[in-house]
Amino acid sequence: MSAISLLCELIKASEKAASIARVCRQNERLFQLLVQEKDESESNSRFDHDFKTLADCLIQEMIKYDIGKQFPQLRDNIRGEENAKFTNKAGDSVTVTVTDDQLKTTKTLEKIFAPDNDVVVTLVNEVYREVELDLESLELPSDSIPLDNDWSELGIWIDPIDATAEYIKGEEKLTKFPNIAATGLKCCTVLIGVYETCHGTPIIGVINQPFAEQNEQQTSEYRGKIYWGMSMGDLKFNNIAPHEPDARIAILSPSEQSKYVEFIRNQLKYDVIYSAGAGYKILKIATGEAELFLLSKGTTYKWDTCAPQAILRSMNGDLFNLQDTLVNKSVKKISYQDRKTIRNLGGVIAYQNIGKLREFLKL
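Reading guide: rules and limits
Residues numbered from 1 in each chain as written. Predicted model: local features only at pLDDT ≥ 70, side-chain atom pairs only at ≥ 80, totals over all residues. Heavy atoms only, no water. Core = buried A, V, L, I, M, F, W, Y, C linked by side-chain atoms within 4.5 Å. Buried < 20%, exposed > 50% of the residue type's maximum accessible area, 1.4 Å probe, protein only. Helix = DSSP H or I, 4+ residues; strand = E, 2+ residues; numbered from the N terminus. Contact = heavy atoms within 4.5 Å. Pairing = 2+ DSSP bridges. Axes fitted to C-alpha atoms, helices over the stretch in contact; angles between N-to-C directions. Parallel < 35°, antiparallel > 145°, perpendicular 65-115°, else oblique. Left-handed = near helix turned anticlockwise from the far one by under 90°. Nonpolar A, V, L, I, M, F, W, Y, C, P; charged D, E, K, R; others polar. Expected span 1.5 Å × (residues − 1). Phe/Tyr/Trp six-rings, centres within 6.5 Å; stacked < 30°, edge-to-face > 60°. Lys NZ or Arg CZ within 6 Å of the ring centre and 35° of its normal.

**With respect to the nonpolar core**
Piece 1. The biggest cluster of nonpolar side chains holds 64 residues, and the ones touching the most others in it are L54, I63, F113 and Y167.
Piece 2. Among the elements that make up this core, the one with the highest residue count is helix α1 (residues 3–26) (12 residues).
Piece 3. Aside from chain neighbours lying at most four places away, what touches L54 is L34, F86, V96, L109, I112, F113 and L123.
Piece 4. Within the second largest apolar cluster, 34 residues are counted, among which are Y301, A307, I311 and L312.

What follows is the structure in structure tokens.
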């Protein structure tokens with residue numbers, strides 16, 4: 001099997017995930033049944049309240065199942081953000097699973113949603129349906145690209161819905177640059193990244209933006225957008241057209257420390273804007289709509305960064321450990337080699353143009 005075969009399956013899985021996210025979000029009754037607060041052991045310290053939704057759990061397990069079915073050697077190396085346990089109204093803990101047995105998946109969801117079985121039918125149909133994509137429009141390479149690695153030497157990180165808080169609130173707000181959202185559904189992304197386990201290097205990334213565009217006639221309906229990138233040695237491919245930014249833009253988290261904001265604004269002369277979702281912010285670096293992403297706190301995880309970093313690498317950019325960069329004045333790329341470390345503890349800094357990073361280091 002070639003790298004293109006793997007990429008195609010990742011894209012299909014991401015589109016099915018995006019479809020589930022849209023179906024859940026657009027059905028108000030279904031959506032109200034889905035949201036559950038994470039317990040202390042799995043929540044992100046950056047948020048006062050951190051939530052997961054059944055959509056997150058179901059998407060993650062669906063992606064694991066779909067990819068594992070096509071590539072059995074990868075099955076044990078697919079990891080995701082969410083704990084697959086969900087608590088129903090009666091307080092019973094239910095583990096969400098997707099297997100070859102569609103009836104078993106149905107019965108699992110019935111334990112959560114009973115007596116709303118029509119909801120279960122809707123979700124199960126989405127999980128098991130076949131996805132057809134216009135591969136030509138996705139600009140996939142026509143040549144077969146072999147993988148240098150054995151399949152068992154690859155790992156996958158999944159973030160089923162990055163920016164879950166925005167998914168739940170859905171309060172749309174744009175920045176002063178119309179192509180960059182501050183909050184809302186546009187900041188939500190499905191992230192699937194493939195990395196080499198031996199070196200920890202991300203090589204394939206897919207970002208699906210389920211709510212990229214609204215239907216002008218029916219504003220509650222959305223269309224998605226898919227971005228992908230592949231970087232293996234000298235072979236680099238992606239479907240992102242070059243873009244000159246409207247201004248010298250740095251995209252940051254609203255909670256960023258003031259000393260970094262002031263430095264970026266006053267010393268580096270960037271126009272600072274704030275946005276939600278780590279995956280979305282790094283995507284804006286890859287698309288060229290922003291030049292710098294910096295997060296000084298160690299509040300991103302490997303599932304947040306693997307896919308967008310692979311896409312950045314396909315454009316000769318990369319994602320680096322911020323504190324190592326500041327302390328040692330040399331760049332250390334974010335790595336996925338250590339399976340026990342799931343958090344990017346030193347913070348992150350992303351550039352598509354490495355020359356701009358060198359300017360940053362001089363200052």
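**Quick notes on the pairing of strand β15 (residues 292–295)**
When a strand is regular, its side chains alternate between the sheet's two faces.
Piece 1. The alternating pattern of β15 places L292 and L294 on one face and F293 and L295 on the opposite face, and all of these are buried.
Piece 2. One ladder, built from two bridges, connects strand β13 (residues 249–252) with β15; its direction is parallel. Looking at the pairing, I251 lines up with F293 of β15.
Piece 3. In the sheet, β15 pairs with strand β17 (residues 348–351) via four bridges, with the strands oriented antiparallel. The residue bridging L292 from the neighbouring strand is Y351, located in β17.

**Observations regarding the sheet that holds β17**
Piece 1. A sheet is described by the order of its strands in space; here five strands give the open sequence β14-β13-β15-β17-β16, paired in mixed fashion. Because the sheet does not close on itself, it has two edges, and the strands there are β14 (271–274) and β16 (318–321). Averaged over all neighbouring strand pairs, the angle between strand axes comes to 20°, with direction disregarded.
Piece 2. Here β13 runs beside β14; their pairing, made up of four bridges, is parallel. Its bridge partner lying in β14, L252 is registered against Y274.
Piece 3. Helix α7 (residues 258–267) rests against β13, β14 and β15 of the sheet, and its axis sits at about 140° to β14.

**A short note on the packing of α1 against helix α5 (residues 117–128)**
Piece 1. Relative orientation of the contacting elements α1 and α5 amounts to 165°, with a least axis distance of 9 Å. Taken together, α1 and α5 sit at an angle that is classed as roughly antiparallel. Relative to α5, α1 is oriented so that their crossing is right-handed. Contacts between α1 and α5 involve K16, S19, I20, V23 and C24 from the former and T122, L123, E126, V127 and Y128 from the latter.
Piece 2. Here the contact of α1 with α5 is built from residues that sort into six nonpolar, two polar and two charged.

**Quick look at the packing of helix α3 (residues 54–70) against α5**
Piece 1. Between α3 and α5, the least distance of the axes is 10 Å, while the angle of their chain directions is 30°. On the basis of their axis angle, the class for α3 and α5 is roughly parallel. When the axes of α3 and α5 are compared, the crossing they make is right-handed. Residues L54, L58, M62 and Y65 of α3 pack against L123, V127 and Y128 of α5.
Piece 2. Of the residues in the contact of α3 with α5, the class split is seven nonpolar, no polar and no charged.

**Overview of α5**
Piece 1. Along its 12 residues, α5 runs 17 Å from first to last C-alpha, staying within 8% of the 16 Å computed at 1.5 Å per residue.
Piece 2. Within α5 the residues assigned to the buried category are V119, V120, L123, V124, E126, V127 and Y128.
Piece 3. Structurally, α5 contributes buried residues whose contacts are with α1, α2 (28–34), α3 and α4 (102–113).

**Some remarks on the sheet that holds strand β10 (residues 202–214)**
Piece 1. Spatially, the six strands line up as an open sheet ordered β3-β6-β9-β10-β11-β12, and their pairing is mixed. Two strands lie at the open edges of the sheet, namely β3 (78–80) and β12 (235–238), each paired on one side alone. In this sheet, neighbouring strand axes are inclined to one another by 15° on average, regardless of whether the strands run parallel or antiparallel.
Piece 2. Strand direction decides the pairing type here: strand β6 (residues 154–162) and strand β9 (residues 189–196), joined by seven bridges, are antiparallel. Bridge pairing in β9 links D159 to L191.
Piece 3. Those strands touched by α1 are β6, β9, β10 and β11 (222–232), and its axis lies near 30° from that of β10.
Piece 4. Across the face of the sheet, helix α9 (residues 302–313) comes into contact with β3, β6, β9, β10, β11 and β12 while running at roughly 100° to β10.

**Overview of the packing of aromatic side chains**
Piece 1. Using the criterion set out here, one finds eight aromatic pairs in the structure.
Piece 2. Their ring planes at 65° and their centres at 6.2 Å tell us that Y65 and Y128 sit as a pair that is edge-to-face. Taken together, the positions of Y65 in helix α3 and Y128 in helix α5 put the pair 63 residues apart, joining distant regions of the chain. Y128 carries the same exposure label as Y65, and that label is buried.
Piece 3. The structure contains a cluster of three or more aromatic residues connected by ring pairs, namely W157, Y301 and W303.
Piece 4. Its end group placed over the ring of Y270, R248 keeps NZ or CZ at 4.1 Å from the ring centre.
Piece 5. Taking the ring centre of Y336 as reference, the NZ or CZ of K302 above it sits at 5.3 Å.

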